[in-house]
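So you can see what is in the structure, the chains are spelled out below.
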Amino acid sequence: DAMVIQNPRYQVTQFGKPVTLSCSQTLNHNVMYWYQQKSSQAPKLLFHYYDKDFNNEADTPDNFQSRRPNTSFCFLDIRSPGLGDAAMYLCATSRVGGRTGSNSPLHFGNGTRLTVT
Amino acid sequence: QQPVQSPQAVILREGEDAVINCSSSKALYSVHWYRQKHGEAPVFLMILLKGGEQKGHDKISASFNEKKQQSSLYLTASQLSYSGTYFCGTVGSDSWGKLQFGAGTQVVVTP
């Protein structure tokens, strides 16, 4: 089945120790998103890739970086995790046609729950 | 800009109806609705694209008033499986492909 896969499911890191979360998709979607979701809050968009075009949200901290080496894979790098970065990180994909906006659903992975000790 | 959802939470008995509202201060291209169960990823319910359009998913339906930048989700004859947090997500007319979620509405359906 075509899907979005996030690894690992749970990640524990130490304060200040760099960590990388990964996401892969078999849907061949051109857009990939990273969302941060804290307990009882809405998913918050960090950035997204439209093909290779990277789009950063204005309030995404510099501590967060992303890479998309090819259509199928996307990585979230947290350079120096703080206690406030503990959250569920959700990767999602969609197919967006040109500049007509999003009329296709987001397909989410199961998320990576990050704990910072 | 994050859309505004109301109410924050609703408790229903099985078989009762509920309405969840979502509004935005900016012109919208589309409105998405997702449901998230505890510890799981959000699951897509439906997308609405045009003013006044209504869609349905089982006994869950939604409307979109493009002129008012508002959408409503209708839970009809609720089932226990409807429990979860419902998020609306909006795509602005000037921000293609970028979905911003509302704060969510927690729905609890009791027997």
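These lines cover the structure that appears in this document, whether it is placed above or below.

Thresholds, definitions, all that
- Residues numbered from 1 in each chain as written.
- Chains lettered and ligands numbered in written order.
- Predicted model: local features only at pLDDT ≥ 70, side-chain atom pairs only at ≥ 80, totals over all residues.
- Heavy atoms only, no water.
- Contact = heavy atoms within 4.5 Å.
- Buried area = accessible area lost by both parts, 1.4 Å probe.
- Salt bridge = Lys/Arg side-chain N within 4 Å of Asp/Glu carboxyl O.
- Helix = DSSP H or I, 4+ residues; strand = E, 2+ residues; numbered from the N terminus.
- Nonpolar A, V, L, I, M, F, W, Y, C, P; charged D, E, K, R; others polar.
- Pairing = 2+ DSSP bridges.
- Axes fitted to C-alpha atoms, helices over the stretch in contact; angles between N-to-C directions.
- Disulfide = S-S within 2.5 Å.
- Buried < 20%, exposed > 50% of the residue type's maximum accessible area, 1.4 Å probe, protein only.

1. A short note on the interface of chain A and chain B
Counting from both sides, the interface comprises 26 residues of chain A and, opposite them, 22 residues of chain B. For the pair chain A and chain B, the two sides together bury roughly 1,900 Å², of which 62% comes from carbon and sulfur. Taken together, the links from chain A to chain B amount to 0 salt bridges. Of all the elements in the fold, those that place two or more residues in the side of chain A that touches chain B are β4 (31–37), β5 (44–50) and β9 (87–94) of chain A. Its residues assigned to classes, the side of chain A that touches chain B shows 12 nonpolar, 11 polar and 3 charged.

2. Some thoughts on the pairing of strand β5 (residues 43–48) of chain B
Pairing analysis gives 5 bridges linking strand β4 (residues 28–36) of chain B to β5(B), with the strands arranged antiparallel. Residue pairing for β5(B): B:Trp33 is matched across the bridge by B:Met46.

3. Quick look at the side chain of A:Asn30
Considering the arrangement of structural elements, one finds A:Asn30 in the loop between β3 (19–25) and β4. Apart from residues lying up to four places away in sequence, A:Asn30 is in contact with A:Tyr49, A:Tyr50, A:Asp51, A:Arg68, A:Ser94, A:Arg95 and A:Val96.

4. What to know about the sheet that holds strand β1 (residues 4–7) of chain A
All names here are of chain A. Reading across the sheet, the 4 strands line up as β1-β3-β8-β7 and stay open at both edges, with antiparallel pairing between neighbours. Here the strands that pair on one side only, and so sit at the sheet edges, are β1 and β7 (64–70). Across this sheet, the average inter-strand angle for adjacent strands is 20°, counted without regard to direction. Pairing geometry for β1 and β3, over 4 bridges, is antiparallel.

5. Some remarks on the side chain of B:Thr90
Assignment of secondary structure puts B:Thr90 in strand β9 (residues 84–92). The contacts of B:Thr90, once residues within four sequence positions are left out, are B:Pro3, B:Cys22, B:Leu28, B:Ser30, B:Val31, B:Lys98, B:Leu99 and B:Gln100.

6. Notes on the state of the cysteines
Residue and element names in this part refer to chain A. In the structure shown here, the tally under the stated rule is 2 disulfides over all chains. Bridging Cys23 to Cys91, the disulfide has an S-S length of 2.0 Å. Judged by the sign of its S-S torsion, about -70°, the bond between Cys23 and Cys91 is left-handed. In this pair, Cys23 sits in strand β3 while Cys91 sits in strand β9, placing the two residues 68 residues apart along the sequence. For the pair shown, Cys23 and Cys91 are each scored as buried. Not engaged in a disulfide, the cysteine Cys74 finds its nearest cysteine sulfur in Cys91; these two sulfurs lie 6.0 Å apart.

7. A word on unusual backbone geometry
Geometrically, the link from A:Asn7 to A:Pro8 is a cis peptide bond, its omega value of -10° lying close to zero. Mapping A:Pro8 onto the fold places it in the loop between β1 and β2 (10–13). Following B:Ser6, the chain continues to B:Pro7 via a peptide bond in cis, the omega torsion being -5°. Mapped onto the fold, B:Pro7 is located in the loop between β1 (4–6) and β2 (9–13). The backbone phi angle of A:Asn28 is positive, close to 60°, even though this residue is not glycine.

8. Some thoughts on the pattern of salt bridges
All names here are of chain A. The full count for this structure, using the stated rule, is 2 salt bridges over all chains. The shortest N-O distance in the salt bridge between Asp59 and Lys44 comes to 3.4 Å. Highlighted residues: Asp59 in the loop between β6 (53–56) and β7 and Lys44 in strand β5, separated in sequence by 15 residues. Note on Lys44: relative accessible area 31%, which makes it partly exposed. Between Arg67 and Asp77 there is a salt bridge whose closest N-O contact spans 2.8 Å. Highlighted residues: Arg67 in strand β7 and Asp77 in strand β8 (residues 73–78), separated in sequence by 10 residues.

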